[in-house]
Each structure stands twice: as C-alpha cells, then as structure tokens.
Amino acid sequence: MRRSFTVALERYGYRVTAAADGLTGLESFRDDDGFDLLVLDVMLPGLDGIGLCRRVRETSLVPVLMMSARGDGLDVVAGLEAGADDYVVKPVDTYVLVARIRSLLRRASYAPAPGGEPATGPKDVLTFGDLTVDTGGMEVFRSGTPVALTPTELKLLLEFAAHPGIVLDRHTLLRNVWEYGWDGDSRVVDLAVQRLRKKLGRERIETVRGFGYKLRR
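Residues numbered from 1 in each chain as written. Predicted model: local features only at pLDDT ≥ 70, side-chain atom pairs only at ≥ 80, totals over all residues. Heavy atoms only, no water.

S.K.: Sorry if this is basic, but what is going on with the pairing of strand β6 (residues 139-142) here?
M.R.: Bridge count for strand β5 (residues 131-134) against β6 is four bridges, and the pairing is antiparallel. Its bridge partner lying in β6, T132 is registered against F141. Counted along the chain from β5 to the antiparallel partner β6, the turn is four residues long, and its residue M138 has a positive phi close to 55°. Bridge analysis of β6 against strand β7 (residues 145-146) gives two bridges, and the strand direction is antiparallel. Among the inter-strand pairings, R142 is bridged to a residue of β7, identified as T145. Adjacent in sequence and paired antiparallel, β6 and β7 are bridged by two residues, among which S143 carries a positive phi angle near 55°. (Pairing = 2+ DSSP bridges. Helix = DSSP H or I, 4+ residues; strand = E, 2+ residues; numbered from the N terminus.)

S.K.: Could you clarify how one ought to interpret the sheet that holds strand β2 (residues 64-68) in this entry?
M.R.: The strands making up a sheet are joined through hydrogen bonds of the backbone, oriented either antiparallel or parallel. Ordered by their spatial adjacency, three strands build an open sheet running β1-β2-β3, and the pairing between neighbours is parallel. Both edges of this open sheet fall to β1 (38-41) and β3 (86-89), since each of them pairs with a single strand only. With direction set aside, neighbouring strand axes in the sheet form an average angle of 25°. When β2 meets β3, the two strands line up parallel, connected through four bridges. Bridging from a neighbouring strand, L65 pairs with D86 of β3. (Axes fitted to C-alpha atoms, helices over the stretch in contact; angles between N-to-C directions.)

This is the structure we're talking about:
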C-alpha cells in the first residue's frame, strides 16, 4: 500500500518520502524541515501513527492526515486528539486521498507567521475579550501572547470570527473549513473545537446543544 500510494502521488506531481515505521518517519521528518504535509497510518510498527503525530506536534504545525483501518473506532478519535487535521479510512481510493491532501494544503495557506505583533489596521484586527485575531497577518494573540494554531485550527477560528455570536452547525463548518462537499464525520469538528478551547480558553467558544458552536463576542 505504501508503494502504491507513493507511485500514485508522484504521478499527481507530489514529491514523496516514504517510511516503513514510525521511528524512521520521525527521523526523516526531523532531518528535513521542508515537508508540506504528513500522511500517517495509525498502525505503524515501532512508533504508531498516533504517537508519531504527538511527537510531530511538539515542534511543528505541519498538516497531518491520519489513515485508519477502523472508521468508527477509537483510533480516529485518538488521532484527532493527538493533533491530526483530518483522517481517511482504509481502503481509500486514490482520488479521495488526493482530494483530502489538496484540501489540507489549501488550508495550510492560512498558517500564521511566527512571532511578531498584531497588525494595526482596524479592519484587519478583531478583538473578542482577551483574544485578538489579525486576519491580515494571520496571527492570533491571547492577552498579547502569540497563540500557535495549526492551519485547520486557524481556519476554523477565522470562520467563527467572521460570524461572531452566530451559531454555526457542524455541517457548515465541515463544508467551509474542511471543504467537504458531502456530509463528513462531525468528530473532526468537535475535536478541533476542543483543541481550540485549550489554546483560547474554554469559555471563548460556546456549545449550543443540538445546533452547533458560536464564538462569544
């Protein structure tokens, strides 16, 4: 499967580095800071995909696509909790895999620049309590301190910030953030919101039971 996906992705113009186990993959990742995206299989020998994702998230916000053989199992939840941006279930069609990769790479264009200060242009800076969102510089600050967000987390926050106080249902978020043209797994939304709350404060994003989520003004 690893060889077939490598060949298929190279035909689509991607440069691929493949690893047969988690430790080798981690070493390759650390030796080359030019990776644009990681595809991690949950069932990797040595260091599994979930553990590898956690290690990557210690130092990097690179987009991560998790691959699981069990779409409704705990592996999916564990992978998303570890910091993965999305997942696919094996066996997966190459066209679906490429579509998810393209979506993640588009999302990565929302990645914030490290460090710096918020922009001064009022139309580019949105403030919600102690939270400042610089939509021009793609930076987020909490009480003046920069907050490191993955591309998916940042795009999710921007979606909330564009509709403050308005309840957004999971299907809307899946369509606008994850770019699903069909009903996807709402767990990716729930767990991404959980990760945002840990970084922004639990009170900042409110759950409206039976409807969705909203950003408090």
